[in-house]
Amino acid sequence: MSAPSVHAARLSALRAELARRGCDGLWLPRTDPHGSEYLPPHEERVAWLTGFTGSAALVVVLPERAAIFVDGRYTLQVRDEVDPSLFEPLHLVHDRPHEWVAAHLPPGGRLGYDPFLLTRRQLERLERAIGRRGRPVPLVPDPVDAVWTDRPPRPAATVVPWPEEFAGESSLDKRRRMGAAVERAGADWLLVSACDSIAWLLNVRGGDIPFNPLVLSHLLLHRDGHCRWFVDPRKLRDSGFAEPAVEVRDYDDLLPALDRLGREGAVVLVDPERVQVGFADRLRAAGAEVIEGVDPIPLAKAKKNPTEIEGARRAHRRDGLAMVRFLHWLSQIPLDGSVGERDVARRILEERKRDPLFRGPSFETIAGFGPNGAIVHYRVEEKSERRLVPGSLLLVDSGGHYLDATTDVTRTIALGEPTEEMCRHFTRVLAGHIDLATCLFPDGTSGGQLDAIARLPLWKSGLDYDHGTGHGVGAYLCVHEGPQRIARQSANVPLEPGMIVSNEPGYYRAGAYGIRIENLMVVREMGEIPGAERRMLGFDTLTLVPIDRRLVLKDELPANARAWLDAYHARVVESLAPHLERDVREWLEAACRPL
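Let me sum up the structure you'll find in this document. The structure displayed is predicted, hence computed values, not measured ones. (Residues numbered from 1 in each chain as written. Predicted model: local features only at pLDDT ≥ 70, side-chain atom pairs only at ≥ 80, totals over all residues. Heavy atoms only, no water.)

## Here we look at the overall build of the protein chain
Piece 1. The number of helices and strands found in the protein chain is 18 helices and 28 strands.
Piece 2. By the compact-globule yardstick of 25 Å for 595 residues, the protein chain fits well, its C-alpha radius of gyration being 25 Å.
Piece 3. In terms of its C-alpha atoms, the protein chain occupies a principal-axis envelope of roughly 70 × 55 × 50 Å.
Piece 4. Looking at the protein chain residue by residue over its 595 residues, the buried ones come to 58%.
Piece 5. Of the contacts made within the protein chain by residues no fewer than 6 positions apart, 70% connect residues no fewer than 24 positions apart.
Piece 6. Averaging the positions of the 76 positive and the 85 negative side-chain charges in the protein chain gives two centres separated by 1 Å. (Helix = DSSP H or I, 4+ residues; strand = E, 2+ residues; numbered from the N terminus. Rg over C-alpha atoms; globule rule 2.2 N^0.38 Å. Buried < 20%, exposed > 50% of the residue type's maximum accessible area, 1.4 Å probe, protein only. Contact = heavy atoms within 4.5 Å. Lys, Arg positive; Asp, Glu negative; His and termini not counted. Charge placed at Lys NZ, Arg CZ, Asp CG, Glu CD.)

## Comments concerning unusual backbone geometry
Piece 1. V140 connects to P141 through a cis peptide bond whose omega is 5 degrees.
Piece 2. For the bond from G482 to P483, the omega torsion is 10 degrees, close enough to zero to count as cis.
Piece 3. Here P483 shows up in strand β23 (residues 481-486).
Piece 4. With a phi close to 50 degrees, R96 is a non-glycine residue in the positive phi region.
Piece 5. For R96, a relative accessible area of 48% gives the class partly exposed.

## Details of the nonpolar core
Piece 1. By size, the foremost hydrophobic cluster in this structure holds 57 residues, and its most contacted members are L430 and F539.
Piece 2. Among the elements that make up this core, the one with the highest residue count is helix α15 (residues 420-438) (nine residues).
Piece 3. Setting aside residues no more than four positions away along its own chain, F539 makes contact with L436, A437, C439, F441, L450, I486, L495, V501, M521, V522, V523 and R524.
Piece 4. One finds A56, V61, L90 and L126 within the second-largest nonpolar core, a separate group that totals 45 residues. (Core = buried A, V, L, I, M, F, W, Y, C linked by side-chain atoms within 4.5 Å.)

## As for the sheet that holds strand β10 (residues 217-222)
Piece 1. Read across the open sheet, the six strands follow the order β12-β11-β10-β8-β13-β14; overall the sheet is mixed. Both edges of this open sheet fall to β12 (246-249) and β14 (289-292), since each of them pairs with a single strand only. Neighbour-to-neighbour, the strand axes of this sheet turn through a mean angle of 25 degrees, independent of strand direction.
Piece 2. By the bridge criterion, four bridges tie strand β8 (residues 189-192) to β10 in an arrangement that is antiparallel. Counted as the bridge partner of L191 is L220 from β10. (Pairing = 2+ DSSP bridges. Axes fitted to C-alpha atoms, helices over the stretch in contact; angles between N-to-C directions.)

## Concerning the pairing of strand β27 (residues 519-525)
Piece 1. Among the seven residues that make up β27, five are buried, leaving the element largely enclosed by the rest of the structure.
Piece 2. For strand β24 (residues 500-503) and β27, the ladder comprises four bridges, and the chain directions are antiparallel. Opposite I500, over in β27, you have V522 as the bridge partner.
Piece 3. For β27 and strand β28 (residues 536-541), the ladder comprises five bridges, and the chain directions are antiparallel. Pairing of V523 across the sheet is with F539, part of β28.

## What about the sheet that holds strand β18 (residues 400-402)?
Piece 1. Spatially, β15-β18-β19 is the arrangement adopted by the three strands of the open sheet, whose pairing is antiparallel. Of all the strands in the sheet, the pair left with one neighbour each is β15 (358-361) and β19 (405-406).
Piece 2. Of the pairings in the sheet, the one linking β15 to β18 comprises three bridges and is antiparallel in character. Bridge pairing in β18 places G360 opposite H401.
Piece 3. Across the sheet, helix α14 (residues 341-353) is in contact with β15 and β18; its angle to β15 comes to roughly 165 degrees.

## Here's the deal with the packing of helix α4 (residues 97-104) against helix α5 (residues 120-130)
Piece 1. Between α4 and α5, the least distance of the axes is 8 Å, while the angle of their chain directions is 40 degrees. As summarised for this structure, α4 and α5 are arranged oblique, according to the angle between their axes. Here α4 and α5 pass one another in a crossing that is right-handed. Here H98, V101 and A102 of α4 lie close against α5, whose contacting residues are R125, L126 and A129. (Parallel < 35°, antiparallel > 145°, perpendicular 65-115°, else oblique. Left-handed = near helix turned anticlockwise from the far one by under 90°.)

## Some words on helix α17 (residues 559-576)
Piece 1. An ideal rise of 1.5 Å per residue puts 26 Å on 18 residues; α17 measures up with 26 Å between its terminal C-alpha atoms.
Piece 2. By the burial criterion, the buried members of α17 are A561, W564, L565, Y568, H569, V572, S575 and L576. Each buried residue of α17 sits inside an arc of 130 degrees when the element is viewed along its axis, so together they form one side. (Expected span 1.5 Å × (residues − 1). Arc of directions from axis to C-beta.)

## A word on the pattern of salt bridges
Piece 1. Counting across every chain of the model gives 58 salt bridges.
Piece 2. Note that R317 and E310 form a salt bridge whose closest N and O atoms lie 3.9 Å from each other.
Piece 3. Put simply, R488 and D464 hold a salt bridge, and the shortest N to O gap is 2.9 Å. Of this pair, R488 sits in the loop between β23 and β24 while D464 sits in the loop between α16 (447-459) and β22 (470-472), and the two are 24 residues apart along the sequence.
Piece 4. A relative accessible area of 43% places R488 in the partly exposed class.
Piece 5. Bridged by salt links that share partners, the residues R120, R121, E124, D281, R284 and E292 form one connected network. (Salt bridge = Lys/Arg side-chain N within 4 Å of Asp/Glu carboxyl O.)

## A short note on the packing of helix α8 (residues 171-184) against helix α9 (residues 195-202)
Piece 1. Axis separation between α8 and α9 bottoms out at 7 Å; the angle between their running directions is 120 degrees. Viewed along their axes, α8 and α9 adopt a mutual orientation that is oblique. Of α9, the residues touching α8 (which contributes S171, K174, R175, R177 and M178) are W200, L201 and L202.
Piece 2. Here the residues of the contact of α8 with α9 sort into four nonpolar, one polar and three charged. (Nonpolar A, V, L, I, M, F, W, Y, C, P; charged D, E, K, R; others polar.)

See below:
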């Protein structure tokens, strides 16, 4: 059966299942009961149903029509992967899925949803959108699972303790600190379902989710710091995990445990923005008092301690060595089509593997040459691969997980002689990148307030990019970490010292090339500023990888930006050159010459 007919059959089966359960449609976000961005295979419902493999999507299925909503990173990819006769491809921001479903749901319609895939806040927004036209209906089990007959089993990778020498704080101290916050909120327990929060709290890492060192599990944290960890016990065999005041329970024991808390009249703190509504509803139905409030863990996790920050600096130096060796290799290959995008991804991985602390890629490497570089989250496959020849740009976005940090870096490299247009666009992107890297801002400023700084040089030329400017990054954790981000939407969390964020403006000319320049930065206090009346913050750049000078129009880059680039390149040489082989060192010194 061909791919289009496979997905047509799956959509038909799903509609039949919805009709059998008395529903007129389904609201299906791409996530799991843990609110994950990257998913294990058994949670890839959107990919199974539609064929779309990106990391952000929402599918709405109605009796006569269906739509898939994606953000600006995936507007090209979704049209390549999804049959538009089955699922209309739409934009998550511009086309407003809530308005779409309100317009197309039959009057009095029952829109099904899986309560373990939506948070309370997401459900409330859906209820408001549907209004009097219809109503959302919880469906358990998930109707997709009912027709997904060959659904993979849950993963069972072994748990790996994360040493305190890298964590900078013991799990017990973290649990006591977070438990005190639970007590201040007036609760007995905190329900935690986000796997990265659990990994941080328990100082463990795992391998259940591709490119994320996480353990699929849930956790109940008591106000005194002891906890109940709901995890597949197979993952702890031979793991060496031994933490005081941690009761290990089976993964499937969570719902019965919530019932017991209800019978005991427990008071449970549940974050309505982070915990799926099905868990909170279960607690309420069992008799527990649910306090809706902010989970204290994500913010604590985001503010890296001194040990984590120093680990990030070390890891970025070593990651810089791997990237420089890769760039040197790239400068030596023949541009005759004998090397392709997959070779680029393989070479980067080989260089990173030379580091004994390397634990794997932090995401699937994006290596897009020419038109493929304009696909923001391009995924190189045999059928899409382009061979490297002169005359266009190569966009490489990659990162690594190391025991002491997580990295994420993007560089755009000219292959052959770049055109003046390419250089002009690159220079605009670089100017925005430098403006953000060098900005000062008062304490309490959110990423949403800084986003325009990186876009302004592009805006002056009538250009823009359809993705956020920056995301948080974990400490040997998820490469996309909240709550902080730099973006136009949903970026209202103030940036605080110790937070690590990316700085990645870009420009994408569909069918031609893509440009993105990405460094990671750590937020820091700026110290005493003469005459200042506010505490001011700024950024320290962590990434140490040369930026392609051949693409810079020197006369169109402001003087302060030229000075920044020269100083950055001098720092790259000073940090990396002593550790490089002679030929690579000579290439680096030439690549980092002052403008």
